[in-house]
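Structure assessment
Chain by chain, the residues run as shown.
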Amino acid sequence: MTHFSWLDYTIFGVYLSASVGVGLLSARGSKSLGDYFLAGRGMNSTLVGMSILAALFSGISYLSGPADVYKNGFDFGYVMLAFFIATPFAAVFMLPKFYQSRFFTAYQFLEERFSLSVRLLASGFFIFRVALWLAAATYAPALALEKVTGIPLWITILASGALTTIYTALGGMRAVIWTDVLQLIVLFGGQLTIMMVAAGKIPGGLGGVWHTAVSDGLMDLSFSFSMTERVNFWSVLLAAAFLHLVQMATDQVSVQRYLSAGSLREAQQSLWIKLLLLLPVLVLFYGTGLVLYAFYKTHGDPLAAGLIAKEDQILPYFVVTQLPAGLPGLLIAAIYAASMSTISAGLNSMASATVVDFKQRLEIGRVESNVQQVGNARLITVIYGIIVVGLAFAVSVMSGNLVESVNTVMGLVGGPLLGLFFLGMFTQKATTRGALIGCIVGFVALLALYLYQNGAFTTAKPATVVSFIWFSLLGTLITLMTGLLTSGRSATSSDRRQ
(Lines give C-alpha, C1' and ligand atoms only; values in the text may rest on other atoms or scores of the structure.)
Protein backbone atom coordinates (compact mmCIF):
# COMPACT_ATOMS: atom_id res chain seq x y z
CA MET A 1 0.00 0.00 0.00
CA THR A 2 1.33 3.42 -0.99
CA HIS A 3 0.91 6.24 1.52
CA PHE A 4 0.97 10.04 1.49
CA SER A 5 4.00 11.94 2.70
CA TRP A 6 3.61 14.43 5.53
CA LEU A 7 3.67 17.22 2.93
CA ASP A 8 0.78 15.59 1.04
CA TYR A 9 -1.27 15.32 4.21
CA THR A 10 -0.58 18.99 5.02
CA ILE A 11 -1.59 20.23 1.58
CA PHE A 12 -4.61 17.94 1.61
CA GLY A 13 -5.79 19.34 4.93
CA VAL A 14 -5.18 22.98 4.01
CA TYR A 15 -7.00 22.65 0.71
CA LEU A 16 -10.04 20.97 2.24
CA SER A 17 -10.14 23.61 4.97
CA ALA A 18 -10.09 26.35 2.33
CA SER A 19 -12.95 24.67 0.44
CA VAL A 20 -15.07 24.42 3.57
CA GLY A 21 -14.13 28.00 4.47
CA VAL A 22 -15.48 29.28 1.15
CA GLY A 23 -18.75 27.54 1.89
CA LEU A 24 -19.00 28.89 5.41
CA LEU A 25 -18.28 32.46 4.30
CA SER A 26 -21.24 32.18 1.94
CA ALA A 27 -23.58 31.67 4.90
CA ARG A 28 -23.76 35.43 5.35
CA GLY A 29 -26.78 37.01 3.75
CA SER A 30 -29.10 33.98 3.64
CA LYS A 31 -32.08 35.77 5.18
CA SER A 32 -34.87 34.24 3.07
CA LEU A 33 -35.57 31.17 0.97
CA GLY A 34 -34.81 33.24 -2.12
CA ASP A 35 -31.35 33.96 -0.71
CA TYR A 36 -30.80 30.44 0.56
CA PHE A 37 -31.98 28.43 -2.45
CA LEU A 38 -31.43 30.88 -5.35
CA ALA A 39 -28.62 33.13 -4.06
CA GLY A 40 -31.01 36.09 -4.23
CA ARG A 41 -31.42 35.51 -8.01
CA GLY A 42 -28.35 37.66 -8.53
CA MET A 43 -25.57 35.37 -9.83
CA ASN A 44 -23.96 36.36 -13.13
CA SER A 45 -23.92 34.07 -16.17
CA THR A 46 -20.21 33.24 -16.00
CA LEU A 47 -20.40 31.94 -12.42
CA VAL A 48 -23.59 30.00 -13.19
CA GLY A 49 -22.06 28.47 -16.33
CA MET A 50 -18.94 27.38 -14.46
CA SER A 51 -21.11 25.97 -11.70
CA ILE A 52 -23.17 23.92 -14.17
CA LEU A 53 -20.00 22.53 -15.73
CA ALA A 54 -18.52 21.74 -12.32
CA ALA A 55 -21.62 19.71 -11.48
CA LEU A 56 -21.16 17.78 -14.72
CA PHE A 57 -17.44 17.10 -14.18
CA SER A 58 -17.45 16.14 -10.52
CA GLY A 59 -15.21 13.86 -8.52
CA ILE A 60 -17.04 10.96 -10.19
CA SER A 61 -15.94 12.27 -13.59
CA TYR A 62 -12.41 12.82 -12.30
CA LEU A 63 -12.15 9.14 -11.38
CA SER A 64 -14.45 7.35 -13.80
CA GLY A 65 -13.84 9.33 -17.01
CA PRO A 66 -10.14 8.42 -17.41
CA ALA A 67 -10.82 4.94 -15.99
CA ASP A 68 -13.54 4.26 -18.54
CA VAL A 69 -11.26 5.34 -21.41
CA TYR A 70 -8.48 3.18 -19.96
CA LYS A 71 -10.71 0.11 -20.02
CA ASN A 72 -13.16 0.69 -22.88
CA GLY A 73 -11.61 3.29 -25.17
CA PHE A 74 -12.80 6.79 -25.98
CA ASP A 75 -16.40 5.85 -26.76
CA PHE A 76 -17.96 7.67 -23.81
CA GLY A 77 -15.96 10.75 -24.73
CA TYR A 78 -18.00 10.80 -27.95
CA VAL A 79 -21.15 10.60 -25.84
CA MET A 80 -20.18 13.88 -24.19
CA LEU A 81 -20.18 15.61 -27.60
CA ALA A 82 -23.97 15.19 -27.67
CA PHE A 83 -24.09 18.19 -25.33
CA PHE A 84 -23.77 20.21 -28.55
CA ILE A 85 -27.24 18.90 -29.42
CA ALA A 86 -28.80 18.98 -25.96
CA THR A 87 -27.59 22.42 -24.84
CA PRO A 88 -29.11 24.53 -27.65
CA PHE A 89 -32.39 22.62 -27.33
CA ALA A 90 -32.55 23.19 -23.57
CA ALA A 91 -31.57 26.86 -23.80
CA VAL A 92 -34.00 27.79 -26.57
CA PHE A 93 -37.03 25.58 -26.01
CA MET A 94 -37.09 24.52 -22.35
CA LEU A 95 -35.38 27.14 -20.21
CA PRO A 96 -37.95 29.91 -20.97
CA LYS A 97 -40.68 27.68 -19.52
CA PHE A 98 -39.03 27.78 -16.09
CA TYR A 99 -38.73 31.58 -16.16
CA GLN A 100 -42.32 32.40 -17.11
CA SER A 101 -43.54 32.31 -13.51
CA ARG A 102 -40.25 32.80 -11.61
CA PHE A 103 -40.31 29.33 -10.13
CA PHE A 104 -38.21 28.04 -7.24
CA THR A 105 -38.16 24.45 -8.56
CA ALA A 106 -38.51 22.80 -11.96
CA TYR A 107 -41.56 20.88 -10.76
CA GLN A 108 -43.70 23.94 -10.12
CA PHE A 109 -44.08 24.09 -13.91
CA LEU A 110 -45.72 20.66 -13.85
CA GLU A 111 -48.37 21.80 -11.37
CA GLU A 112 -49.09 24.89 -13.47
CA ARG A 113 -49.44 22.71 -16.57
CA PHE A 114 -51.07 19.62 -15.02
CA SER A 115 -51.81 19.30 -11.31
CA LEU A 116 -50.29 19.06 -7.84
CA SER A 117 -50.11 15.27 -8.05
CA VAL A 118 -47.89 15.42 -11.14
CA ARG A 119 -45.63 17.97 -9.46
CA LEU A 120 -45.23 15.81 -6.35
CA LEU A 121 -44.55 12.66 -8.39
CA ALA A 122 -41.83 14.37 -10.43
CA SER A 123 -40.24 16.00 -7.41
CA GLY A 124 -40.26 12.69 -5.55
CA PHE A 125 -38.61 10.94 -8.49
CA PHE A 126 -35.94 13.64 -8.60
CA ILE A 127 -35.16 13.28 -4.88
CA PHE A 128 -34.90 9.50 -5.24
CA ARG A 129 -32.54 9.67 -8.23
CA VAL A 130 -30.29 12.39 -6.84
CA ALA A 131 -29.96 10.62 -3.50
CA LEU A 132 -28.52 7.61 -5.36
CA TRP A 133 -26.32 9.87 -7.50
CA LEU A 134 -24.92 11.62 -4.43
CA ALA A 135 -24.20 8.28 -2.83
CA ALA A 136 -21.90 7.53 -5.78
CA ALA A 137 -20.35 11.01 -5.53
CA THR A 138 -19.60 10.34 -1.85
CA TYR A 139 -18.16 6.91 -2.52
CA ALA A 140 -15.83 8.01 -5.35
CA PRO A 141 -13.34 10.12 -3.34
CA ALA A 142 -13.47 7.62 -0.50
CA LEU A 143 -12.33 4.97 -2.95
CA ALA A 144 -9.46 7.17 -4.09
CA LEU A 145 -8.31 7.93 -0.56
CA GLU A 146 -8.51 4.33 0.59
CA LYS A 147 -6.17 3.22 -2.18
CA VAL A 148 -3.56 5.94 -1.90
CA THR A 149 -3.55 6.77 1.81
CA GLY A 150 -4.72 3.58 3.49
CA ILE A 151 -7.51 5.44 5.32
CA PRO A 152 -10.50 3.04 5.61
CA LEU A 153 -13.39 3.68 3.24
CA TRP A 154 -15.92 4.20 6.01
CA ILE A 155 -13.91 6.99 7.63
CA THR A 156 -13.65 9.06 4.46
CA ILE A 157 -17.33 8.55 3.60
CA LEU A 158 -18.36 9.80 7.02
CA ALA A 159 -15.89 12.70 6.93
CA SER A 160 -16.86 13.93 3.46
CA GLY A 161 -20.55 13.60 4.24
CA ALA A 162 -20.27 15.51 7.51
CA LEU A 163 -18.09 18.35 6.17
CA THR A 164 -20.23 18.84 3.08
CA THR A 165 -23.48 18.75 4.99
CA ILE A 166 -22.25 21.37 7.47
CA TYR A 167 -21.18 24.01 4.96
CA THR A 168 -24.14 23.33 2.64
CA ALA A 169 -26.64 23.65 5.46
CA LEU A 170 -25.08 26.94 6.54
CA GLY A 171 -24.17 28.49 3.17
CA GLY A 172 -27.02 27.53 0.84
CA MET A 173 -26.82 28.17 -2.90
CA ARG A 174 -24.05 30.77 -2.66
CA ALA A 175 -21.83 28.18 -1.01
CA VAL A 176 -22.69 25.70 -3.75
CA ILE A 177 -21.81 28.04 -6.62
CA TRP A 178 -18.62 29.53 -5.18
CA THR A 179 -17.21 26.13 -4.20
CA ASP A 180 -18.14 24.83 -7.67
CA VAL A 181 -16.11 27.60 -9.30
CA LEU A 182 -13.12 26.94 -7.03
CA GLN A 183 -13.20 23.20 -7.70
CA LEU A 184 -13.53 23.60 -11.48
CA ILE A 185 -10.36 25.70 -11.62
CA VAL A 186 -8.40 23.25 -9.48
CA LEU A 187 -9.71 20.19 -11.31
CA PHE A 188 -8.80 21.67 -14.68
CA GLY A 189 -5.27 22.51 -13.50
CA GLY A 190 -4.85 19.16 -11.77
CA GLN A 191 -5.90 17.14 -14.78
CA LEU A 192 -3.55 19.16 -17.01
CA THR A 193 -0.68 18.44 -14.59
CA ILE A 194 -1.39 14.70 -14.65
CA MET A 195 -1.55 14.63 -18.43
CA MET A 196 1.72 16.52 -18.89
CA VAL A 197 3.65 14.44 -16.33
CA ALA A 198 2.43 11.16 -17.82
CA ALA A 199 3.03 12.25 -21.43
CA GLY A 200 6.59 13.23 -20.52
CA LYS A 201 7.31 9.61 -19.54
CA ILE A 202 5.90 8.08 -22.73
CA PRO A 203 8.08 7.57 -25.84
CA GLY A 204 7.04 10.22 -28.34
CA GLY A 205 5.11 12.29 -25.79
CA LEU A 206 1.57 13.26 -26.80
CA GLY A 207 2.30 12.10 -30.34
CA GLY A 208 3.13 8.68 -28.96
CA VAL A 209 -0.10 8.70 -26.95
CA TRP A 210 -2.12 9.42 -30.09
CA HIS A 211 -0.30 6.74 -32.08
CA THR A 212 -0.97 4.16 -29.36
CA ALA A 213 -4.63 5.15 -29.08
CA VAL A 214 -5.23 4.88 -32.83
CA SER A 215 -3.22 1.70 -33.39
CA ASP A 216 -4.91 -0.07 -30.44
CA GLY A 217 -8.38 0.99 -31.57
CA LEU A 218 -9.19 3.23 -28.59
CA MET A 219 -10.59 5.94 -30.87
CA ASP A 220 -12.78 3.57 -32.91
CA LEU A 221 -16.54 4.12 -32.95
CA SER A 222 -18.82 1.50 -34.46
CA PHE A 223 -21.27 2.67 -37.14
CA SER A 224 -23.49 -0.42 -36.93
CA PHE A 225 -26.94 0.18 -35.48
CA SER A 226 -27.18 -1.97 -32.39
CA MET A 227 -28.93 -1.07 -29.14
CA THR A 228 -27.05 -3.83 -27.33
CA GLU A 229 -23.63 -2.38 -28.16
CA ARG A 230 -22.25 -0.27 -25.32
CA VAL A 231 -21.70 2.87 -27.43
CA ASN A 232 -21.84 3.40 -31.19
CA PHE A 233 -22.39 6.26 -33.63
CA TRP A 234 -26.17 5.92 -33.52
CA SER A 235 -26.41 5.87 -29.75
CA VAL A 236 -24.27 9.03 -29.66
CA LEU A 237 -26.44 10.72 -32.31
CA LEU A 238 -29.86 9.58 -31.08
CA ALA A 239 -29.69 8.56 -27.43
CA ALA A 240 -26.92 10.58 -25.76
CA ALA A 241 -28.68 13.93 -26.14
CA PHE A 242 -31.62 12.58 -24.13
CA LEU A 243 -29.24 11.43 -21.41
CA HIS A 244 -27.86 14.97 -21.18
CA LEU A 245 -31.31 16.60 -21.33
CA VAL A 246 -32.30 14.62 -18.24
CA GLN A 247 -29.55 16.38 -16.34
CA MET A 248 -30.04 19.80 -17.95
CA ALA A 249 -33.82 20.17 -18.14
CA THR A 250 -35.51 17.94 -15.54
CA ASP A 251 -32.97 18.07 -12.73
CA GLN A 252 -33.45 20.60 -9.96
CA VAL A 253 -29.66 20.58 -9.49
CA SER A 254 -29.30 22.29 -12.89
CA VAL A 255 -32.58 24.22 -13.02
CA GLN A 256 -31.92 25.75 -9.62
CA ARG A 257 -28.66 27.14 -10.99
CA TYR A 258 -30.46 28.69 -13.96
CA LEU A 259 -32.98 30.31 -11.65
CA SER A 260 -30.20 31.84 -9.56
CA ALA A 261 -29.21 33.98 -12.58
CA GLY A 262 -30.52 37.53 -12.75
CA SER A 263 -32.61 37.02 -15.91
CA LEU A 264 -33.61 34.52 -18.57
CA ARG A 265 -31.00 35.99 -20.89
CA GLU A 266 -28.23 35.50 -18.32
CA ALA A 267 -29.42 31.96 -17.64
CA GLN A 268 -29.26 31.16 -21.36
CA GLN A 269 -25.83 32.78 -21.58
CA SER A 270 -24.67 30.53 -18.75
CA LEU A 271 -25.52 27.48 -20.86
CA TRP A 272 -23.55 28.82 -23.83
CA ILE A 273 -20.59 29.54 -21.53
CA LYS A 274 -20.80 26.00 -20.20
CA LEU A 275 -20.83 24.65 -23.75
CA LEU A 276 -17.81 26.78 -24.69
CA LEU A 277 -15.84 25.43 -21.73
CA LEU A 278 -16.91 21.86 -22.40
CA LEU A 279 -14.45 21.02 -25.18
CA PRO A 280 -11.18 21.79 -23.32
CA VAL A 281 -12.47 20.07 -20.20
CA LEU A 282 -13.61 17.08 -22.27
CA VAL A 283 -10.19 16.82 -23.91
CA LEU A 284 -8.49 16.89 -20.51
CA PHE A 285 -10.75 14.47 -18.64
CA TYR A 286 -11.05 11.84 -21.35
CA GLY A 287 -7.67 12.56 -22.94
CA THR A 288 -6.09 11.72 -19.59
CA GLY A 289 -7.49 8.20 -19.99
CA LEU A 290 -5.64 7.86 -23.30
CA VAL A 291 -2.44 9.12 -21.69
CA LEU A 292 -2.74 6.68 -18.78
CA TYR A 293 -3.39 3.81 -21.19
CA ALA A 294 -0.24 4.64 -23.16
CA PHE A 295 1.79 5.15 -19.96
CA TYR A 296 0.87 1.81 -18.41
CA LYS A 297 1.24 -0.01 -21.72
CA THR A 298 4.87 1.06 -21.50
CA HIS A 299 5.36 0.70 -17.74
CA GLY A 300 3.13 -2.29 -16.90
CA ASP A 301 -0.62 -2.48 -16.22
CA PRO A 302 -1.30 -2.16 -12.46
CA LEU A 303 -4.78 -3.64 -12.89
CA ALA A 304 -3.43 -6.81 -14.50
CA ALA A 305 -0.67 -6.95 -11.89
CA GLY A 306 -3.20 -6.81 -9.05
CA LEU A 307 -1.86 -3.52 -7.68
CA ILE A 308 -5.34 -2.00 -7.93
CA ALA A 309 -8.70 -3.77 -7.62
CA LYS A 310 -10.80 -1.76 -10.11
CA GLU A 311 -10.12 0.48 -13.09
CA ASP A 312 -11.74 3.36 -11.17
CA GLN A 313 -8.57 3.42 -9.03
CA ILE A 314 -6.18 3.96 -11.95
CA LEU A 315 -6.01 7.76 -11.70
CA PRO A 316 -5.32 8.07 -7.95
CA TYR A 317 -2.79 5.23 -8.26
CA PHE A 318 -0.89 7.19 -10.90
CA VAL A 319 -1.09 10.39 -8.86
CA VAL A 320 0.40 8.91 -5.73
CA THR A 321 3.08 6.77 -7.41
CA GLN A 322 4.30 9.08 -10.19
CA LEU A 323 3.93 12.68 -9.04
CA PRO A 324 6.46 14.50 -6.80
CA ALA A 325 5.70 15.05 -3.10
CA GLY A 326 3.04 17.66 -2.51
CA LEU A 327 1.17 17.24 -5.78
CA PRO A 328 -0.57 13.98 -4.76
CA GLY A 329 -2.00 15.72 -1.71
CA LEU A 330 -3.30 18.60 -3.80
CA LEU A 331 -4.77 16.45 -6.57
CA ILE A 332 -6.41 13.89 -4.29
CA ALA A 333 -7.82 16.81 -2.31
CA ALA A 334 -9.16 18.20 -5.58
CA ILE A 335 -10.98 14.93 -6.28
CA TYR A 336 -12.32 14.90 -2.75
CA ALA A 337 -13.38 18.54 -2.72
CA ALA A 338 -14.91 18.36 -6.21
CA SER A 339 -17.12 15.56 -4.98
CA MET A 340 -17.98 17.66 -1.95
CA SER A 341 -19.13 20.50 -4.22
CA THR A 342 -21.29 18.05 -6.18
CA ILE A 343 -22.76 16.64 -2.98
CA SER A 344 -23.49 20.13 -1.69
CA ALA A 345 -25.33 21.03 -4.90
CA GLY A 346 -27.43 17.88 -4.65
CA LEU A 347 -28.23 18.35 -0.95
CA ASN A 348 -29.28 21.94 -1.54
CA SER A 349 -31.48 20.96 -4.49
CA MET A 350 -33.14 18.07 -2.66
CA ALA A 351 -33.82 20.41 0.24
CA SER A 352 -35.34 23.03 -2.09
CA ALA A 353 -37.59 20.41 -3.71
CA THR A 354 -38.69 19.13 -0.29
CA VAL A 355 -39.36 22.56 1.20
CA VAL A 356 -41.03 24.18 -1.83
CA ASP A 357 -42.75 21.23 -3.50
CA PHE A 358 -43.85 19.34 -0.41
CA LYS A 359 -43.64 21.27 2.86
CA GLN A 360 -44.80 24.71 1.75
CA ARG A 361 -47.24 23.44 -0.86
CA LEU A 362 -48.98 20.96 1.44
CA GLU A 363 -49.00 23.07 4.63
CA ILE A 364 -51.70 25.37 3.32
CA GLY A 365 -52.50 28.27 5.62
CA ARG A 366 -49.42 27.94 7.82
CA VAL A 367 -47.30 31.09 7.87
CA GLU A 368 -43.63 31.01 8.86
CA SER A 369 -41.14 33.81 9.22
CA ASN A 370 -38.08 33.99 6.96
CA VAL A 371 -35.91 32.87 9.86
CA GLN A 372 -38.10 29.81 10.42
CA GLN A 373 -38.12 28.96 6.71
CA VAL A 374 -34.35 29.10 6.40
CA GLY A 375 -33.95 27.15 9.64
CA ASN A 376 -36.22 24.39 8.35
CA ALA A 377 -34.32 24.31 5.06
CA ARG A 378 -31.06 23.84 6.94
CA LEU A 379 -32.52 21.04 9.05
CA ILE A 380 -33.81 19.21 5.97
CA THR A 381 -30.38 19.59 4.35
CA VAL A 382 -28.79 17.89 7.38
CA ILE A 383 -31.31 15.03 7.21
CA TYR A 384 -30.52 14.44 3.54
CA GLY A 385 -26.81 14.51 4.32
CA ILE A 386 -27.29 11.66 6.77
CA ILE A 387 -29.34 9.68 4.23
CA VAL A 388 -26.74 10.12 1.48
CA VAL A 389 -23.93 8.92 3.74
CA GLY A 390 -25.94 5.80 4.52
CA LEU A 391 -26.58 5.11 0.83
CA ALA A 392 -22.91 5.65 -0.06
CA PHE A 393 -21.93 2.43 1.67
CA ALA A 394 -24.07 0.48 -0.83
CA VAL A 395 -22.48 1.97 -3.96
CA SER A 396 -19.43 -0.29 -3.86
CA VAL A 397 -21.61 -3.33 -4.59
CA MET A 398 -23.20 -1.86 -7.73
CA SER A 399 -22.37 -3.75 -10.93
CA GLY A 400 -20.27 -2.10 -13.62
CA ASN A 401 -17.95 0.87 -13.28
CA LEU A 402 -18.95 4.30 -12.03
CA VAL A 403 -19.77 5.63 -15.52
CA GLU A 404 -22.24 2.85 -16.25
CA SER A 405 -23.75 2.79 -12.76
CA VAL A 406 -24.37 6.54 -12.55
CA ASN A 407 -25.79 6.84 -16.07
CA THR A 408 -28.00 3.78 -15.63
CA VAL A 409 -29.62 5.34 -12.56
CA MET A 410 -29.98 8.63 -14.44
CA GLY A 411 -31.78 6.90 -17.30
CA LEU A 412 -34.05 4.77 -15.11
CA VAL A 413 -35.62 7.72 -13.35
CA GLY A 414 -34.64 10.63 -15.57
CA GLY A 415 -36.01 9.21 -18.84
CA PRO A 416 -39.63 9.11 -17.59
CA LEU A 417 -39.15 12.57 -16.02
CA LEU A 418 -37.97 13.99 -19.33
CA GLY A 419 -40.99 12.44 -21.02
CA LEU A 420 -43.19 14.12 -18.41
CA PHE A 421 -41.69 17.55 -19.15
CA PHE A 422 -42.04 16.95 -22.89
CA LEU A 423 -45.74 16.16 -22.38
CA GLY A 424 -46.19 19.41 -20.49
CA MET A 425 -44.09 21.69 -22.68
CA PHE A 426 -44.69 20.43 -26.21
CA THR A 427 -48.16 18.87 -26.32
CA GLN A 428 -51.65 20.32 -25.90
CA LYS A 429 -53.46 16.98 -25.62
CA ALA A 430 -51.76 15.56 -22.53
CA THR A 431 -53.82 15.57 -19.33
CA THR A 432 -53.02 14.94 -15.69
CA ARG A 433 -54.23 11.36 -16.03
CA GLY A 434 -52.03 10.72 -19.05
CA ALA A 435 -49.00 12.39 -17.46
CA LEU A 436 -49.24 10.28 -14.30
CA ILE A 437 -49.83 7.00 -16.11
CA GLY A 438 -47.15 7.72 -18.70
CA CYS A 439 -44.47 8.53 -16.12
CA ILE A 440 -45.24 5.50 -13.95
CA VAL A 441 -45.38 3.11 -16.93
CA GLY A 442 -42.10 4.52 -18.25
CA PHE A 443 -40.35 3.96 -14.94
CA VAL A 444 -41.76 0.46 -14.37
CA ALA A 445 -40.86 -0.62 -17.91
CA LEU A 446 -37.25 0.55 -17.55
CA LEU A 447 -36.92 -0.96 -14.08
CA ALA A 448 -38.18 -4.33 -15.36
CA LEU A 449 -35.70 -4.14 -18.26
CA TYR A 450 -32.84 -3.29 -15.91
CA LEU A 451 -33.71 -6.12 -13.50
CA TYR A 452 -34.01 -8.61 -16.35
CA GLN A 453 -30.61 -7.63 -17.76
CA ASN A 454 -29.08 -8.13 -14.32
CA GLY A 455 -30.53 -11.62 -13.88
CA ALA A 456 -33.35 -10.84 -11.45
CA PHE A 457 -35.79 -13.17 -13.25
CA THR A 458 -33.43 -16.01 -14.08
CA THR A 459 -30.60 -17.95 -12.49
CA ALA A 460 -28.22 -17.20 -15.36
CA LYS A 461 -27.53 -13.58 -16.30
CA PRO A 462 -29.03 -13.00 -19.77
CA ALA A 463 -27.35 -11.17 -22.62
CA THR A 464 -27.70 -7.37 -22.76
CA VAL A 465 -30.95 -6.31 -24.41
CA VAL A 466 -30.33 -2.55 -24.37
CA SER A 467 -27.17 -0.64 -23.52
CA PHE A 468 -27.40 1.76 -20.58
CA ILE A 469 -26.96 4.71 -22.96
CA TRP A 470 -30.46 4.14 -24.43
CA PHE A 471 -32.37 4.13 -21.13
CA SER A 472 -33.12 7.86 -21.10
CA LEU A 473 -34.44 7.87 -24.68
CA LEU A 474 -36.56 4.76 -24.11
CA GLY A 475 -38.00 6.16 -20.88
CA THR A 476 -38.86 9.43 -22.61
CA LEU A 477 -40.57 7.73 -25.57
CA ILE A 478 -42.53 5.25 -23.42
CA THR A 479 -43.74 8.07 -21.18
CA LEU A 480 -44.67 10.27 -24.13
CA MET A 481 -46.57 7.61 -26.04
CA THR A 482 -48.33 6.17 -23.00
CA GLY A 483 -49.18 9.64 -21.73
CA LEU A 484 -50.76 10.71 -25.03
CA LEU A 485 -52.63 7.43 -25.49
CA THR A 486 -54.13 7.55 -21.99
CA SER A 487 -54.99 11.26 -21.97
CA GLY A 488 -58.26 10.76 -23.80
CA ARG A 489 -59.89 13.20 -26.16
CA SER A 490 -60.56 16.04 -23.78
CA ALA A 491 -58.74 17.86 -21.05
CA THR A 492 -59.76 20.20 -18.28
CA SER A 493 -58.80 23.84 -18.48
CA SER A 494 -56.07 23.29 -15.92
CA ASP A 495 -54.72 20.40 -17.96
CA ARG A 496 -54.44 22.63 -21.01
CA ARG A 497 -52.91 25.56 -19.19
CA GLN A 498 -49.28 26.21 -20.16
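Residues numbered from 1 in each chain as written. Predicted model: local features only at pLDDT ≥ 70, side-chain atom pairs only at ≥ 80, totals over all residues. Heavy atoms only, no water.

The subject of this paragraph is the nonpolar core. Within the largest apolar cluster, 157 residues are counted, with the highest numbers of intra-cluster contacts made by Phe 98, Leu 110, Phe 126, Tyr 258, Met 350 and Phe 421. Here this core takes 16 residues from helix H15 (residues 327-362), the largest share from any one element. In contact with Met 350, other than residues within four places in its own chain, are Phe 126, Ile 127, Val 130, Ala 131, Leu 134, Tyr 384 and Val 388. Counting eight residues, the second largest nonpolar core, distinct from the first, contains Tyr 139, Ala 142, Leu 153 and Ala 392. (Core = buried A, V, L, I, M, F, W, Y, C linked by side-chain atoms within 4.5 Å. Buried < 20%, exposed > 50% of the residue type's maximum accessible area, 1.4 Å probe, protein only. Helix = DSSP H or I, 4+ residues; strand = E, 2+ residues; numbered from the N terminus. Contact = heavy atoms within 4.5 Å.)

The subject of this paragraph is the environment of Pro 66. Inspection of the secondary structure assignment puts Pro 66 in helix H4 (residues 59-72). Overall, Pro 66 belongs to the buried group, its relative accessible area being 0%. Separated by 222 residues in the primary sequence, Pro 66 and Thr 288 have C-alpha atoms spaced 5.7 Å apart.

We now examine the packing of aromatic side chains. In total, this model carries 23 aromatic pairs according to the counting rule given. Taken together, a centroid distance of 6.4 Å and an interplanar angle of 85° make the contact between Tyr 70 and Tyr 296 edge-to-face. Placement of the pair is Tyr 70 in helix H4 and Tyr 296 in helix H13 (residues 264-299), with a sequence separation of 226 residues. Grouping residues by exposure puts Tyr 70 and Tyr 296 together as buried. When the centroid spacing of 5.1 Å and the interplanar angle of 55° are considered together, the rings of Phe 125 and Phe 443 count as tilted. (Phe/Tyr/Trp six-rings, centres within 6.5 Å; stacked < 30°, edge-to-face > 60°.)

A few words now on the packing of helix H10 (residues 205-215) against H13. One can describe the packing of H10 onto H13 by two numbers: an axis separation of 9 Å at closest approach and a directional angle of 90°. When the axes of H10 and H13 are compared, the pair comes out roughly perpendicular. Packed against H10, whose contacting residues are Leu 206, Val 209, Thr 212 and Ala 213, the element H13 presents Leu 290, Val 291, Tyr 293, Ala 294 and Lys 297 at the interface. Among the residues forming the contact of H10 with H13, the class breakdown is seven nonpolar, one polar and one charged. (Axes fitted to C-alpha atoms, helices over the stretch in contact; angles between N-to-C directions. Parallel < 35°, antiparallel > 145°, perpendicular 65-115°, else oblique. Nonpolar A, V, L, I, M, F, W, Y, C, P; charged D, E, K, R; others polar.)

This part covers the side chain of Thr 479. The residue Thr 479 is located in helix H19 (residues 471-485) in this model. Sequence-distant contacts of Thr 479, defined by excluding residues within four places in its chain, comprise Pro 416, Gly 419, Leu 420, Leu 423, Gly 438, Cys 439 and Gly 442.

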